[in-house]
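# Observations on the model geometry
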Amino acid sequence: MKKVNILNKLEKAGVIAVVRGGSADEAVLISDKIIAGGMNGIELTYTVPNASDAIKTLSEKYAGTDVVIGAGTVLDSITARLAILAGAEYIVSPSFDAETARICNLYQIPYLPGCMTITEMKVALESGVDIVKMFPGNAFGPSIIKAFKAPLPHLNIMPTGGVSLDNMKEWFDAGVITVGVGGNLLAPAATGEYDKITEVAKEYMAKFNEIKAASKK
C-alpha cells in the first residue's frame, strides 16, 4: 500500500516542482516558499549540494501532510538508496536505470525515469515503473502524448521541461497524469525574491484546480 499511497499523492499534487539551489539550505527555503503557495509536490534534485540533508529536513517537516517529497536527478541506485533513507518518497531520473528501478521496487518507492521513446517507456513499464517522466517535454509538446498512449493506453506520463502556465491545460487535455515545472517557478530565486516563488506557485495551483474542475463537468 505504501507505493499506492505515494502515487495517489503525486496524482493529487498535480504539479511537481523541480527544485534546484546553490545549497541545501537554499533548496529547503525554496521548497518552503513553493509549499506555501499550495503546491504539494517537491522534487529536490541531486544537483543541490548535500541534497540528502535537504530531503531529510523537508520529509521530517512535512511528515503526515499532503506534501510529497522526492529526489530528482538520481543517476544511479546508490544515490537512490541514499535519497530513500533520507526520506524521499519517490525517485526521478533523467534516464531509465534498471538497478535504480530494482532498489525502488525493493523499498516500495515509485520510480519516475526520464524516457523519450516508446521502446524506453516499454522497458520502464516492464521494470515496474508506474509513471514515466517524459523529458525534455519541450522536445515534443503536448501533441505527442496521444501518440505514446495509442499503443500504451495504460501509460502514465509526467512531462518535465516545456510546461508553463500557458500550455499546462494542453498537457492535461492530452492525457498526462501530472506535470513537472522548474525554470520559471524558480526564476525569482536568482534575484533573491523568494516570496515571488510563492506567488508563482499559487498561479500554477489555481490553473491546475481550474483544469481539474473543468474536466469533471
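Bear in mind that the values here come from a model prediction, so they are computed numbers and not experimental data.

This brings us to the environment of Ser31. Tracing the backbone shows Ser31 in helix 2 (residues 24-36). Since its relative accessible area comes to 0%, Ser31 is described here as buried. Placed 87 residues apart in sequence, Ser31 and Ile118 show a C-alpha to C-alpha distance of 33 Å. Apart from residues lying up to four places away in sequence, Ser31 is in contact with Val19, Ile42, Leu44 and Leu58.

In this section: the environment of Lys122. Within the element layout of this structure, Lys122 appears in helix 6 (residues 118-126). A relative accessible area of 46% places Lys122 in the partly exposed class. Distance from Lys122 to Ala27, taken between C-alpha atoms, is 33 Å for residues 95 residues apart in sequence.

As a further point, take the nonpolar core. If you look at the biggest cluster of nonpolar residues, it comprises 74 residues, and the most contacted ones within it are Val15, Ile34, Met39, Ile91, Met168 and Leu185. The leading source of residues in this core is helix 10 (residues 194-215), at seven residues. Ignoring anything within four residues of it in the chain, the contact list for Ile34 reads Ala17, Val19, Met39, Ile42, Leu185, Leu186, Ile197 and Ala201.

Tallied over the full model, the rule gives three aromatic pairs. With 5.8 Å between their ring centres and 85 degrees between their planes, Phe140 and Phe148 make a pair best called edge-to-face. A residue is classified by how much of its surface remains accessible, and Phe148, at 6% relative accessible area, is buried. Measuring from ring centre to ring centre gives 5.4 Å for Phe172 and Phe208, while their planes differ by 55 degrees; the resulting arrangement is tilted. Taken together, the residues Phe172 in helix 8 (residues 168-174) and Phe208 in helix 10 connect sequence positions 36 residues apart. Taken as a pair, Phe172 and Phe208 share a single burial class, namely buried. A cation over a ring is seen here: Lys133 above Phe135, with NZ or CZ 4.4 Å from the ring centre.

What follows covers the packing of helix 2 against helix 3 (residues 51-61). Think of two packed helices as two axes; the pair is described by the angle between the axes and how far apart they sit. Direction vectors running N to C along helix 2 and helix 3 enclose 35 degrees, while the axes themselves pass 9 Å from each other. Crossing of helix 2 against helix 3: the hand is right-handed. Contacts from Ala24, Val28, Ser31 and Asp32 of helix 2 reach helix 3 at Ala54, Thr57, Leu58 and Lys61. Residue composition of the contact of helix 2 with helix 3, by class: four nonpolar, two polar and two charged.

Let us now look at the environment of Ser52. Its location among the elements puts Ser52 in helix 3. On a C-alpha basis, the gap between Ser52 and Gly41 in space is 17 Å, while along the polypeptide they are eleven residues apart. The residues contacting Ser52, other than those within four sequence positions of it, are Tyr46, Leu82 and Ala86. One polar contact links Ser52 to Tyr46, side chain to side chain, over a distance of 2.5 Å.

Residue position: Ser77 is located in helix 4 (residues 77-86). When its relative accessible area of 17% is taken as the criterion, Ser77 is described as buried. The contact partners of Ser77, leaving out residues within four places of it in the chain, are Asp97, Glu99, Thr100 and Ile103.

Conventions adopted
- Residues numbered from 1 in each chain as written.
- Predicted model: local features only at pLDDT ≥ 70, side-chain atom pairs only at ≥ 80, totals over all residues.
- Heavy atoms only, no water.
- Helix = DSSP H or I, 4+ residues; strand = E, 2+ residues; numbered from the N terminus.
- Buried < 20%, exposed > 50% of the residue type's maximum accessible area, 1.4 Å probe, protein only.
- Contact = heavy atoms within 4.5 Å.
- Core = buried A, V, L, I, M, F, W, Y, C linked by side-chain atoms within 4.5 Å.
- Phe/Tyr/Trp six-rings, centres within 6.5 Å; stacked < 30°, edge-to-face > 60°.
- Lys NZ or Arg CZ within 6 Å of the ring centre and 35° of its normal.
- Axes fitted to C-alpha atoms, helices over the stretch in contact; angles between N-to-C directions.
- Left-handed = near helix turned anticlockwise from the far one by under 90°.
- Nonpolar A, V, L, I, M, F, W, Y, C, P; charged D, E, K, R; others polar.
- Polar contact = N/O pair within 3.5 Å; in protein donor to acceptor, adjacent residues only side chain to side chain.

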